[in-house]
Amino acid sequence: MRERPPIADPLPRPVVDTHCHLDVVDRQLGDGPGPDDALALARDAGITRVVQVGCDVASSAWAADFAGPRDDVVAAVALHPNDVPRIVEREGHAGLEAAFDAIEALAVRPRVRAVGETGLDYYRTRDEDARALQHDSFRRHIDIAKRHDRTLVIHDRDAHADILRILDEEGAPDRVVFHCFSGDAVMARHCADRGWLCSFAGVVTYKSAEGLREALVALPREALLVETDAPYLTPVPHRGAVNASYLIPHTVRAMADVRAQPLDQLCDDLWSNSERAFGPL
Ligand SMILES: [Zn+2]
Ligand SMILES: [Zn+2]
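These remarks concern the structure in this document. (Residues numbered from 1 in each chain as written. Chains lettered and ligands numbered in written order. Predicted model: local features only at pLDDT ≥ 70, side-chain atom pairs only at ≥ 80, totals over all residues.)

## Remarks on the sheet that holds strand 5 (residues 151–157)
And then number 1: Pairing within the open sheet is parallel, and its eight strands lie in the order 1-2-3-4-5-6-7-8. A strand with exactly one partner marks an edge of an open sheet, and here the two such strands are strand 1 (15–20) and strand 8 (224–226). If you compare each strand with its neighbour and ignore which way they point, the axes differ by 25 degrees on average.
And then number 2: Relative to strand 7 (residues 197–200), strand 6 (residues 176–179) runs parallel, the two sharing two bridges. Looking at strand 7, one finds that Val177 is bridged to Leu197. (Pairing = 2+ DSSP bridges. Helix = DSSP H or I, 4+ residues; strand = E, 2+ residues; numbered from the N terminus. Axes fitted to C-alpha atoms, helices over the stretch in contact; angles between N-to-C directions.)

Shown next as structure tokens:
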């Protein structure tokens, strides 16, 4: 098992990890901290709130239940685009309908603030029928978010054009977050013009992510969020280790450097944008 990275230098002001999967223990990555440990470590590093994100019915129910009694966690619920074709394979279209109903029932709970992560993943899904299922699922999630006034959290992997097209066709909900934003500066400005938020993960610290850093510079202060997507996407200098919210200061400091923005001001922006995106946390 790899060693757990040390606590990063705490941030001068608290920030919110707007996207994590506390319930995911990925054996390939090795054991990370459990949910309660992860939150305690996060507090020590100045991360006092997190958004816990579900990817299927079971993990969405877990997220809603976990957030329910806590004041440091809110939840997002959805069927991940990569899970949708699997549900149909396993349980048929009736199973998928039942799964949408279950997600909608969870979405109305008070500590569930968002519908997501939903969207399109063309990186892992190449089959045209499976992509068609993702399109339909994305539209269904947009509809749930709008009817219940929930924030839409988008997973967009190699699918920018279709994501933007479907948002236009359906009409976007009032609050939209691109989780692990991966577009370029042009797309960043497109999102900011519409009042959508772009959430940056540890990827922004990776050497190869020059285009992403250009997008980060192109965005106005009010469009920025930060996330871990833990246990994935661990920031430099701990890339390869298990990610957790307490490592987010590495990402926030990199963002401040890239934008040449004072760190405390950026932290305050991230906090107020998180509250705007996910309600009072
Ligand atoms: Zn994602
Ligand atoms: Zn995620």
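## Structural notes on helix 3 (residues 84–107)
And then number 1: In this model, helix 3 (24 residues) spans only 18 Å end to end at C-alpha, well below the 34 Å of a helix rising 1.5 Å per residue.
And then number 2: At Glu91, helix 3 shows its largest bend, some 125 degrees.
And then number 3: Every buried residue of helix 3 is listed here: Val84, Pro85, Ile87, Leu96, Ala99, Phe100, Ile103, Leu106 and Ala107.
And then number 4: Contact partners of the buried residues in helix 3: helix 2 (57–67), strand 3 (73–77), strand 4 (112–121) and helix 4 (128–147). (Expected span 1.5 Å × (residues − 1). Bend = angle between axes of the 7 residues up to and from the residue. Buried ≥ 20, exposed ≤ 12 C-beta atoms within 10 Å, placed from the backbone. Contact = placed C-beta atoms within 7 Å.)

## Examining helix 8 (residues 248–259)
And then number 1: Here helix 8 spans 17 Å end to end across twelve residues, near enough to the 16 Å set by a 1.5 Å rise per residue.
And then number 2: Every buried residue of helix 8 is listed here: Ile248, Pro249, His250, Thr251, Val252, Ala254 and Met255.
And then number 3: As for helix 8, its buried residues are in contact with strand 1, strand 2 (47–53), strand 7, helix 7 (210–218), strand 8 and helix 9 (263–278).

## Observations concerning the nonpolar core
And then number 1: Residues Ala76, Val77, Ile103, Val115 and Cys198 are the most contacted members of the largest nonpolar core, which totals 85 residues.
And then number 2: Per element, the largest residue contribution to this core is eight residues, and it comes from helix 3.
And then number 3: Discounting residues that sit within four places of it in the chain, Val77 has contacts with Gly54, Ser60, Ala63, Ala64, Ile103, Leu106, Ala107, Val112 and Val115. (Core = buried A, V, L, I, M, F, W, Y, C linked by C-beta atoms within 7 Å.)

## Some words on unusual backbone geometry
And then number 1: A cis amide bond links Ala230 with the next residue in sequence, Pro231, at an omega value of 15 degrees.
And then number 2: Its place among the elements puts Pro231 in the loop between strand 8 and helix 8.
And then number 3: Note the cis peptide between Val236 and Pro237, where omega equals 15 degrees.
And then number 4: Phi is positive for Asp229, close to 55 degrees, though the residue is something other than glycine.
And then number 5: Inspection of the secondary structure puts Asp229 in the loop between strand 8 and helix 8.
And then number 6: By the C-beta count within 10 Å, which is 23 here, Asp229 ends up buried.
And then number 7: Phi at Ala260 takes a positive value of approximately 50 degrees, unusual for a residue other than glycine.
And then number 8: Within the secondary structure, Ala260 is located in the loop between helix 8 and helix 9.

## Section: the packing of helix 3 against helix 4
And then number 1: At a minimum axis distance of 11 Å, the contact between helix 3 and helix 4 shows a crossing angle of 10 degrees. Considering the angle they form, helix 3 stands roughly parallel to helix 4. Contact residues: Val84, Pro85, Val88, Phe100, Ile103, Glu104 and Ala107 in helix 3; Ala130, Leu133, Gln134, Ser137, Arg140 and Ile144 in helix 4. (Parallel < 35°, antiparallel > 145°, perpendicular 65-115°, else oblique.)

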